[in-house]
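Structural overview for review
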Protein chains: 2
Amino acid sequence: MTLTASSDSVGIVIPQTQEFTAPLTLDCGVVLKSFSLVYETYGRLNAARDNAVLICHALSGDHHAAGFHSIDDPKPGWWDNCIGPGKPIDTNRFFVVCPNNLGGCGGSTGPLSINPASGKLYGADFPLVTVRDWVESQARLADTLSIDTWAAVMGGSLGGMQALQWAIDYPHRLRHAIVVAAASKLSPQNIAFNEVARHAIRSDANFHAGRYYEHGVVPEHGLMLARMLGHITYLSDDVLMARFGRELRDGKLNYGYDIEFQIESYLRYQGESFVKRFDANSYLLMTKSLDYFDPAARFGDSLKDAVARTDAKFLVASFSSDWRFSPARSREIVRALLDADLDVSYVEIDSELGHDSFLLNIPLYHAALRTYFQGITCHVV
Amino acid sequence: MTLTASSDSVGIVIPQTQEFTAPLTLDCGVVLKSFSLVYETYGRLNAARDNAVLICHALSGDHHAAGFHSIDDPKPGWWDNCIGPGKPIDTNRFFVVCPNNLGGCGGSTGPLSINPASGKLYGADFPLVTVRDWVESQARLADTLSIDTWAAVMGGSLGGMQALQWAIDYPHRLRHAIVVAAASKLSPQNIAFNEVARHAIRSDANFHAGRYYEHGVVPEHGLMLARMLGHITYLSDDVLMARFGRELRDGKLNYGYDIEFQIESYLRYQGESFVKRFDANSYLLMTKSLDYFDPAARFGDSLKDAVARTDAKFLVASFSSDWRFSPARSREIVRALLDADLDVSYVEIDSELGHDSFLLNIPLYHAALRTYFQGITCHVV
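Structure report, in brief. The structure displayed is predicted, hence computed values, not measured ones. (Residues numbered from 1 in each chain as written. Chains lettered and ligands numbered in written order. Predicted model: local features only at pLDDT ≥ 70, side-chain atom pairs only at ≥ 80, totals over all residues. Heavy atoms only, no water.)

**Quick notes on the relation of the copies chain A and chain B**
Once chain A is rotated about the relating axis by 180 degrees and shifted along it by 0.0 Å, it coincides with chain B to within an RMSD of 0.0 Å. Accordingly, the operation relating the two chain copies is best matched by a two-fold axis. Within chain A, the C-alpha atom positioned nearest to the axis of rotation is that of A205(A), 3.1 Å from it. An overlap of 100% is found between the interface residues of chain A and their copies at the interface of chain B, pointing to a shared contact surface. (Least-squares fit on C-alpha atoms with pLDDT ≥ 70 in both. Contact = heavy atoms within 4.5 Å.)

**Focus on the pattern of salt bridges**
This model, assessed by the stated rule, comprises 38 salt bridges over all chains. Between E195(A) and R198(A) there is a salt bridge, with its nearest N and O atoms 3.4 Å apart. Of the two residues, E195(A) and R198(A) both sit in helix α3 (residues 188-202), three residues apart, roughly one turn of that helix. R198(A) carries the same exposure label as E195(A), and that label is buried. When salt bridges with common partners are traced through the structure, they connect E195(A), R198(A), K288(A), D291(A), E260(B), E264(B) and R268(B) into a single cluster. (Salt bridge = Lys/Arg side-chain N within 4 Å of Asp/Glu carboxyl O. Helix = DSSP H or I, 4+ residues; strand = E, 2+ residues; numbered from the N terminus. Buried < 20%, exposed > 50% of the residue type's maximum accessible area, 1.4 Å probe, protein only.)

**Comments concerning the sheet that holds strand β10 (residues 176-180) of chain B**
All names here are of chain B. Strands sit in the order β1-β4-β8-β5-β9-β10-β11-β12 across an open sheet of eight strands; the sheet is mixed. Edge positions in the open sheet fall to β1 (16-20) and β12 (344-349), since each of these has one partner strand only. Strand after strand, the sheet turns through a mean of 20 degrees between neighbouring axes, direction not considered. In this structure, strand β4 (residues 35-42) lies alongside strand β8 (residues 95-99), joined through four bridges in antiparallel fashion. Considered in β8, the bridge of T41 is made with V97. (Pairing = 2+ DSSP bridges. Axes fitted to C-alpha atoms, helices over the stretch in contact; angles between N-to-C directions.)

**Structural notes on unusual backbone geometry**
All names here are of chain A. The phi dihedral of S157 is positive, around 60 degrees, even though this residue is not glycine. Structurally, S157 is set in the loop between β9 (152-156) and α2 (158-169). Taking relative accessible area as the criterion, S157 reaches 7% and is therefore assigned buried. If you check the backbone angles, H208 has positive phi at about 50 degrees while not being a glycine. Within the element layout of this structure, H208 appears in the loop between α3 and α4 (220-234).

**Brief notes about a nonpolar patch on the surface**
Judged by side-chain polarity, I12(A), I14(A) and I71(A) come together as a nonpolar surface patch covering roughly 290 Å² of accessible area. With respect to the element layout, I71(A) can be found in the loop between β5 (52-56) and β6 (83-84). (Patch = residues over 30% accessible without salt bridge, like charges linked within 9 Å, V, L, I, M, F, W, Y side chains within 5 Å. Areas by Shrake-Rupley, 256 points an atom, 1.4 Å probe, with all protein chains shown as cover.)

**Some remarks on the environment of T233(B)**
Residues and elements named next belong to chain B. Residue placement: T233 occurs in helix α4 (residues 220-234). Between the C-alpha atoms of T233 and D356, which are 123 residues apart in sequence, the distance is 9.1 Å. Ignoring anything within four residues of it in the chain, the contact list for T233 reads F193, W323, R324 and H355. Of the polar contacts made by the side chain of T233, one reaches the side chain of R324; its length is 2.7 Å. (Polar contact = N/O pair within 3.5 Å; in protein donor to acceptor, adjacent residues only side chain to side chain.)

**Regarding the packing of helix α3 (residues 188-202) of chain B against helix α7 (residues 280-292) of chain B**
All names here are of chain B. Two elements in contact, α3 and α7, have axes whose closest approach is 10 Å; the angle formed by their N-to-C orientations is 160 degrees. Between α3 and α7, the interaxial angle falls into the category roughly antiparallel. Of the two possible hands of crossing, α3 and α7 adopt the one that is left-handed. Of α7, the residues touching α3 (which contributes I191, N194, A197, R198, I201 and R202) are A280, Y283, L284, T287, K288, L290 and D291. (Parallel < 35°, antiparallel > 145°, perpendicular 65-115°, else oblique. Left-handed = near helix turned anticlockwise from the far one by under 90°.)

**Notes on the sheet that holds β5(A)**
What links the strands of a sheet is backbone hydrogen bonding, and the strands pair in either a parallel or an antiparallel sense. Residues and elements named next belong to chain A. Spatially, the eight strands line up as an open sheet ordered β1-β4-β8-β5-β9-β10-β11-β12, and their pairing is mixed. Two strands lie at the open edges of the sheet, namely β1 (16-20) and β12 (344-349), each paired on one side alone. Adjacent strand axes in the sheet meet at a mean angle of 20 degrees when their direction is disregarded. Bridge count for strand β11 (residues 313-319) against β12 is six bridges, and the pairing is parallel. Residue pairing for β12: A317 is matched across the bridge by V347. Across the sheet, α2 is in contact with β5, β9, β10 (176-180) and β11; its angle to β9 comes to roughly 150 degrees.

This is how it looks when you write it as structure tokens:
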């Protein structure tokens, strides 16, 4: 257990699966007769059941937020720097739950599941799901875990949108919402980037209208392109300049289309790695869920009215160089929360690392999270 | 002649072709034994031959900058709002020359030309050309037109880079350089966007290693994607918000992958239109030329040293919401010119319209151009 023996790791974790047999009516109108969620937990639920924290993942995330899956696992979960004994989300105090979202490709019901109506993989037939659908499915998971009220619901980017939606849809089932590097709705530029990514996947000759599994192929070029494009928007121009500048891989120009600049090499590597771990149909529907997110729309376009019923307290965090969801977008959320007379803390972290900052161990950011979580009361484990 | 009768139009123009039979050694080492440039001219060269203005086009431009090609031509040239009798570049005073760049697809030698070595289209075998190569070919065009010194060399974006390169490579053959919405080199983010565009084209199943002509197809999805992505970077988030917001085409969500938001419709239209008018191999090499542009590199990374020999005067212009080549990038150029003790005017135009601003009739921008050109002395026509 060398890898997991470090005192601030949650160690080896085993994903669990919860089946839900009550029908779930999705926003799009489709009824899922049953579904399952894969999730991980870290720490222990206390007797008062008041120390549970829900972690919501972003576009390309999954349920594996912390710890290792085996003793020779080369990499821990995606938010391992933040979740563990003594870490900002301290598993000595909190019971952390992280599910894979419905429609994802980490094991929860989604395009890679069998469609009971056809006996085949859902593939492109899996219905489009929304942030509201995710919150509803997560509420059912809370029910099965007998968690009436979350101590906190937290996420970054699309995960932060779920935390915000929780406060709207279940205003009394969470005591704190932590919304990091998010926005209350996508701008047309955000949607435009998503549309280019979708077009890349759907126009790949191997896409086969989303039934690529049946042809033994994957739309790898399209998915790779989508991820390359995503990566540009996750990082700031400044950090790319600091990391790669105009450095040439071979030290000279080759006047051809192979990799010349190091930034090209980085992007292709990111794209190629992603294709091995993510499903194109899931990527498509995750981008749609982002596009659709606009919780104020049901409240006469007033985000203030949307959040008015909750008694949750909020921490909103943004990063100075994030141009995907800039600090200005977080401030829109903060303004609405203040207008609704809610208890809100806001921290704008100075970081050159762009949108990706929310995943990184930036000292001031983690200090802010740590301080905030220390202020969340709960009984001892 | 209804369309062209307006008093500020250059009217009907006929492209001309100039053959060059002296070999041209390109930066990449390839020697073009001969080549031709298609170009248009507006206004008349005066007897002193001191009123000639060279217009350099950008990534997707061509030689058709002003006027109409026929009486039923629905659209004038791409910079018609700027070039004509009484317009900022006043053809009553100036003789304007606009060539299609080598490697382009407007008629100059490029991928769509016959390769004399094979008797077939060059296609992907056309060598990669640089901004320096373009300047050299334009200098030869000046020679054939007996233009010893340009009154001005002007361009926006990649066109502005050519104007800057002119001052470096032919420091005494231009009296003014007008560099609009450009940069002295691409940032890694700029290169990254280009790389994604290239990857989209080159991974299209119809690309056939650039020999798509022989298969009777074009890599339309890839080229469309490249253009869609380009368009996002040409426009600011603010102008997209003002024009499209989150407006839905059908007034409601359809929970599918057809167009839902108006911004998606706009992007697809832009992509589809582009495929009909532009060649994918030309697009690929134009993006490479952008990536390679770094005139300071041959001068110990000192742009000041690169421009030190010229006696040209400069106008540099940028636009506040341009995030492709932001005002900060123009200021880098201005600083180098000032450090070299050159005569430079700089104007930063307040505009919400992003990089595309350089093509638009923005009153303060056109007023600045008009004033600057009025100050360029030349004999009467």
